[in-house]
Amino acid sequence: MNPPLLVFFVLAAMAVIGAINLILQRHPIHSALSLIVVMVALAGLYLLMGAEFVAAVQIIVYGGAIMVLFVFVIMLLNAGVEEHTNASKLAALAGVPLAVVLMGVLAATVAGSADRVQVLTPGSVAPTKALANLLFQDFVYPFELTSFLILVAILGAIVLAQREKA
Amino acid sequence: MVPTHYYLILSAILFGLGVVAFVFKRNIITIFMSIELMLNAVNLAFVAFSQALNKLDGQVFVLFVIVVAAAEAAVGLGIIILIARNRQSLNVERVDLLKL
Amino acid sequence: MLILDNLWIIPLLPLLGSATNGLFGAKWPNKIVNYVAVGSTGLSFACALEAVHEFFQLSPEKIPWVKPYFSWIVAGDFRAGFDLQVDQLTVVMLLVVTGVGWLIHIYSTGYMAHEGGYYRFFSYLNLFMFFMLILVLAANYSLLFVGWEGVGLCSYLLIGFYFLRKSASDAGKKAFIVNRIGDFGFMLGMFLLFRTFHTLDFVPMFKDAVSQQPDAMGQLGTITVACLLIFVGATGKSAQLPLYVWLPDAMEGPTPVSALIHAATMVTAGVYVVARSHVLFMRAPTAMLVVAIVGCATAIFAATIGLVQTDIKKVLAYSTVSQLGYMFLACGVGAFSAGIFHLMTHAFFKALLFLAAGSVIHAMGGEQDMQHMGGLSKKIRWTYITMLTATLAIAGFPPLAGFFSKDSILLSAFQSENGGHALYAVGLLTALLTSFYMFRLIFLTFFGKPRYDEHKVHVHESPKSMLVPLMILAVLSIVGGWLAAPAFLGSPDYFARFLEPVFAQGAGGEAGAAAAEAAAHALEIPLAIVAVLTAAIGLAVAWWLYLSKPQKPAEFAKSMKGAYTTLFNKYYVDELYAALVVKPLMWLSRSVLWQAVDVGVIDAAVNGVASGATDIGDGVRHAQSGNTRSYAVWVVIGALVIIAIIFWPYFRPVAVGMVR
């Protein structure tokens with residue numbers, strides 16, 4: 001058991017526990033906090049893989065902006081404990097089996113092709129410079145599109161959340 | 001070293017948990033958060049492959065996913081606010097105007 | 001060679017007449033309809049005469065004269081063309097069809113003058129002429145079959161002319177359906193012939209057939225089977241056993257129809273086909289024997305029924321069936337030219353008999369039952385004289401036409417191997433019966449005290465338009481036979497000599513023919529005397545029963561009640577067919593095809609599809625519940641399916657390993 005593997009298991013356990021907690025908690029604010037834990041764990045895993053820029057972006061954008069937005073909205077709407085209604089028989093019946101099957105399929109896929117994927121360079125550090133080059137040369141068109149997308153999202157959010165004209 | 005398929009299995013587990021939350025939770029905001037969880041799981045898979053194949057394309061794609069998730073969160077939460085205002089409840093089962 | 005190059009004109013003229021009258025005649029006065037109908041037929045007759053005239057100028061190697069016009073069907077190596085052919089046999093048929101047809105058209109203008117649907121009648125009659133001419137002019141079996149079917153159609157249309165009367169429309173249907181049964185056999189025969197000879201054209205087929213080995217007696221070779229099948233078709237069309245049942249019912253149609261179609265032309269189509277196919281028949285002795293036996297049996301069968309009928313037209317109908325039997329008997333024993341000769345003379349006197357009967361019916365204001373007639377000879381003189389002439393002809397008294405034709409048939413029957421003496425005896429007996437019932441008809445109709453109410457019925461002679469054709473046909477009945485007067489009377493047999501090039505093809509050797517000739521000469525005179533005696537006996541018996549002792553027939557009927565009722569009810573053949581064939585078919589149609597198949601299967605399938613779609617819709621609509629969470633589940637299910645499909649090759653080893 002080498003140190004990277006140990007760190008991996010710790011972070012993985014953190015992520016899984018956080019996800020399970022998200023399901024088990026009844027108040028949405030607790031679920032939000034669990035999700036933040038998951039994201040931090042994932043950021044750790046990114047660092048372990050050597051993707052420093054992605055880890056930083058994960059913390060800053062995902063954890064620092066998106067989740068904060070979620071928490072703001074939960075507090076704004078004064079969300080309470082979840083009610084216990086059950087209008088969908090289908091969800092109650094098929095929910096768990098579906099999830100199990102899904103995980104099984106994915107796991108089987110991974111297991112079945114485990115021998116085909118190998119690690120080429122152990123723990124190489126991804127230089128941010130190379131990433132930036134790639135982003136602004138090969139992927140410049142999607143990059144510009146995403147900036148446009150953000151603009152549209154901003155406008156949409158503003159229009160949607162306006163108070164009704166009295 | 002951590003074999004790649006460990007990451008992939010973790011990604012699968014997180015994705016499955018996200019699906020479970022998506023199906024079972026009743027609060028709209030919680031359902032939305034489960035979607036974010038699923039996206040994160042996919043991001044993990046991308047980065048794992050990026051490291052395995054020693055190409056940076058996976059990580060670039062992760063950046064795009066994060067950006068899109070942010071935009072989607074903004075607009076989605078705006079809609080959720082409207083729903084909350086309209087239906088006076090955050091229970092997704094109250095949003096059933098299409099029911100016969 | 002104006003007409004011979006344009007033979008299509010001969011059938012086309014009546015077709016144009018038919019179309020014109022059919023499309024426009026409804027608004028026209030009778031006079032215009034007459035001009036169109038009688039004119040087109042008369043022109044056709046004139047063209048036929050011209051064609052015959054040109055035919056006589058042809059050199060022998062050009063005969064048969066075949067004129068292809070266009071390819072009607074070309075499929076693989078099968079070619080059926082609209083080809084018209086003229087040889088000596090065609091000449092005879094052509095003149096009979098157009099000549100007698102034209103006379104009957106003229107007669108109809110008088111007879112049908114006060115009937116409704118006048119234009120329709122002439123349209124159908126002209127259409128019939130068209131199809132019949134196609135039939136006799138055809139140069140291959142397929143075009144002949146077109147004409148064959150077409151005359152069947154016209155027969156149906158004309159028999160059911162008074163379609164508002166149920167018995168008439170039923171009779172029309174019966175005629176068509178029974179004909180179709182025969183046509184089925186005919187078609188099978190055609191298929192077999194095509195398969196054997198790879199062509200349906202007469203000239204190449206017969207040339208090919210001559211070189212083939214003839215079938216032995218009793219052997220069911222290809223040619224024998226084909227000939228038997230064609231004879232089945234002839235049985236239907238020419239009303240022989242067992243498909244004769246439609247002809248007596250066909251008397252529901254107007255009398256000119258009975259005269260033209262069911263005496264002179266359509267019913268002779270069967271005889272024509274057998275004569276045309278003589279090359280094939282002469283190579284199939286079994287088929288010839290069958291033809292002879294069937295013809296002979298039909299002759300006597302129908303004659304016995306005709307003995308006791310009381311409707312004047314029914315007597316003539318059974319007489320027609322009987323005389324057609326004679327023609328087939330002649331063909332069956334190899335005397336094809338005698339058969340065709342009888343066809344021609346029969347056309348004359350039978351048409352005359354029907355037309356005169358029509359004149360009687362017209363005079364009696366529609367009465368057809370002989371038991372309500374009597375004593376008409378003085379009142380409708382011309383009708384009486386012409387009808388008597390025809391009766392003398394059909395009974396076989398010399399020197400009228402019937403004597404010569406019947407005599408030559410009986411002579412040939414006597415001389416044939418395979419039971420010729422038996423055939424002769426039956427034929428002679430039939431001649432006796434024929435003479436008897438024909439004179440019975442004359443005596444009942446024209447002699448004795450009037451058995452009708454003279455105040456109610458005003459007997460009047462028919463107009464000239466009806467009488468002139470009668471007289472022309474009477475003259476033909478007298479002189480028509482002289483064409484074939486046998487050698488013992490000193491004249492050469494013009495008719496047989498004329499037809500010899502047609503019928504000699506494929507016949508036996510020269511020596512056999514010469515020996516037959518010699519034997520024939522010796523027998524002719526004794527047989528002729530026997531025939532005349534027979535006719536005289538028939539006349540005498542009829543005289544005794546119906547003139548001198550009129551109460552005798554009723555006594556006989558009472559004493560032989562069983563026989564009398566059987567004969568009167570036509571041996572119950574119609575009832576037998578109804579029980580054996582019609583009833584099961586109706587049951588099959590109703591219970592199986594209608595209820596089980598049409599309603600139970602087809603309708604159920606269509607309705608089932610409709611209700612199935614409704615049921616499916618009913619089931620599927622539950623997916624659209626309006627419930628967001630179940631929508632979420634469906635999304636997951638869909639995503640799962642897609643993921644599984646895409647990743648299948650990758651987790652297949654795991655899945656297969658787990659299953660194992």
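What you see as residue numbers is a count from 1 along each chain, following the sequence as written. The naming scheme follows written order: chains are lettered A onward, ligands numbered 1 onward. Whole-chain, interface and lining totals are the exception, using all residues; otherwise, since this is a predicted model, local features are given only for residues with pLDDT of at least 70 and side-chain atom pairs are given and counted only at 80 or more.

Caption draft 1: Up close: the overall build of chain B. Only runs of H or I of at least four residues qualify as helices and only runs of E of at least two qualify as strands under DSSP, and these elements are numbered from the N terminus. Counting its regular elements, chain B contains three helices and zero strands. Overall, chain B shows an N-to-C arrangement of helices and strands of α-α-α. In terms of overall size, chain B is more extended than a compact globule, its C-alpha atoms giving a radius of gyration of 17 Å where 100 residues would be expected to give roughly 13 Å. For the C-alpha atoms alone, the extent of chain B along its principal axes is close to 55 × 25 × 20 Å. With 100 residues in all, chain B has 57% of them scored as buried. Excluding contacts between residues fewer than 6 apart, the proportion of contacts in chain B whose partners are at least 24 apart in sequence is 49%. Restricting the calculation to C-alpha atoms gives the radius of gyration, and the globule rule supplies 2.2 Å times the number of residues raised to the power 0.38. Using C-beta atoms placed from the backbone, we call a residue buried if 20 or more other C-beta atoms fall within 10 Å of its own, exposed if 12 or fewer do, and partly exposed for counts in between. C-beta atoms are placed from the backbone for every residue, and two residues are taken to be in contact when these atoms lie within 7 Å.

Caption draft 2: Highlighting the overall build of chain C. Of the regular secondary structure elements, chain C holds 26 helices and two strands. For chain C, the spread of C-alpha atoms along the principal axes amounts to about 110 × 70 × 55 Å. Taking the intrachain contacts of chain C between residues at least 6 apart in sequence as the baseline, contacts between residues at least 24 apart amount to 80%.

Caption draft 3: Geometry of the confidence of the model for chain B. Mean pLDDT over chain B works out to 89, with 99% of the residues at or above the 70 mark. For every residue, the predictor states its confidence as a pLDDT score lying anywhere from 0 to 100. Per-residue pLDDT, averaged within each element of chain B, yields its smallest value for helix 1 (residues 4-24) of chain B (90) and its largest for helix 2 (residues 28-53) of chain B (93).

Caption draft 4: The domain arrangement of chain C, seen in detail. Segmenting chain C into domains produces domain 1 (1-159), domain 2 (577-604) and domain 3 (624-660). The start and end points of each domain follow an automatic or database-based domain assignment. Between the C-alpha centres of domain 2 of chain C and domain 3 of chain C there is a distance of 54 Å.

Caption draft 5: Representation of the nonpolar core. Residues Phe 128, Leu 329, Ala 351 and Leu 352 of chain C are the most contacted members of the largest nonpolar core, which totals 205 residues. Here the element with the most residues in this core is helix 16 (residues 336-363) of chain C; it accounts for 18 residues. Setting aside anything within four residues of it in sequence, one finds Leu 352 of chain C in contact with Thr 386, Ala 390, Leu 470, Leu 473, Ala 474 and Ser 477 of chain C. Leu 42 and Met 49 of chain A, Ile 28 of chain B together with Phe 651 of chain C belong to the second-largest nonpolar core, a separate cluster that totals 80 residues. Each nonpolar core consists of buried Ala, Val, Leu, Ile, Met, Phe, Trp, Tyr and Cys residues. Their C-beta atoms, within 7 Å, join them into a set.

Caption draft 6: Just helix 6 (residues 141-159) of chain C, in detail. What a helix should span is 1.5 Å times the count of its residues minus one. Counted at 1.5 Å a residue, the expected span for helix 6 of chain C with its 19 residues is 27 Å, and the 26 Å between its end C-alpha atoms agrees. In terms of residue burial, helix 6 of chain C counts as a mostly covered element, since 15 of its 19 residues are buried.

Caption draft 7: Up close: the interface of chain B and chain A. Taken together, the contact between chain B and chain A spans 59 residues of the former and 70 residues of the latter. Where the side of chain B that touches chain A is concerned, the elements lending two or more residues are helix 1, helix 2 and helix 3 (57-87) of chain B. Side-chain classes are defined by residue name, with Ala, Val, Leu, Ile, Met, Phe, Trp, Tyr, Cys and Pro counting as nonpolar, Asp, Glu, Lys and Arg as charged, and the others, Gly among them, as polar. Residues belonging to the side of chain B that touches chain A are distributed by class as follows: 44 nonpolar, twelve polar and three charged.

Caption draft 8: Region of interest: the pairing of strand 1 (residues 65-75) of chain C. All names here are of chain C. Strand pairing is defined by DSSP finding a minimum of two bridges between the two strands. Across nine bridges, the pairing between strand 1 and strand 2 (residues 78-86) is antiparallel. Each bridged residue has a counterpart across the sheet, and for Val 66 the counterpart in strand 2 is Gln 85. The loop that links strand 1 with its antiparallel partner strand 2 comprises two residues; one of these, Gly 76, has a positive phi angle of about 65°.

Caption draft 9: Quick peek at the packing of helix 2 (residues 28-49) of chain A against helix 2 of chain B. Fitted lines through C-alpha atoms serve as axes, helices being fitted only where they are in contact, and the angles separating the N-to-C directions of these axes extend from 0 to 180 degrees. Running from N to C, helix 2 of chain A and helix 2 of chain B cross one another at 5°; their axes reach a closest spacing of 11 Å. On the basis of the axis angle, helix 2 of chain A is roughly parallel to helix 2 of chain B. Here helix 2 of chain A contributes Pro 28, Ser 31, Ala 32, Leu 35, Val 38, Met 39, Leu 42, Leu 45, Tyr 46 and Met 49 of chain A to the contact with helix 2 of chain B, which in turn contributes Ile 29, Thr 30, Met 33, Glu 36, Leu 37, Asn 40, Leu 44, Val 47, Ala 48 and Gln 51 of chain B. Reported orientations rely on four angle classes, namely roughly parallel under 35 degrees, roughly antiparallel over 145, roughly perpendicular from 65 to 115, and oblique for the rest.

Caption draft 10: Looking closely at the packing of helix 1 (residues 3-24) of chain A against helix 1 of chain B. At a minimum axis separation of 9 Å, helix 1 of chain A and helix 1 of chain B run at an interaxial angle of 10°. Regarding the angle of helix 1 of chain A to helix 1 of chain B, the classification is roughly parallel. Here Phe 8, Ala 12, Ala 15, Val 16, Ala 19, Ile 20, Leu 22 and Ile 23 of chain A of helix 1 of chain A come into contact with helix 1 of chain B, specifically with Tyr 6, Leu 10, Ile 13, Leu 14, Leu 17, Val 20, Ala 21 and Phe 24 of chain B. When its residues are assigned to classes, the contact of helix 1 of chain A with helix 1 of chain B shows 16 nonpolar, no polar and no charged.

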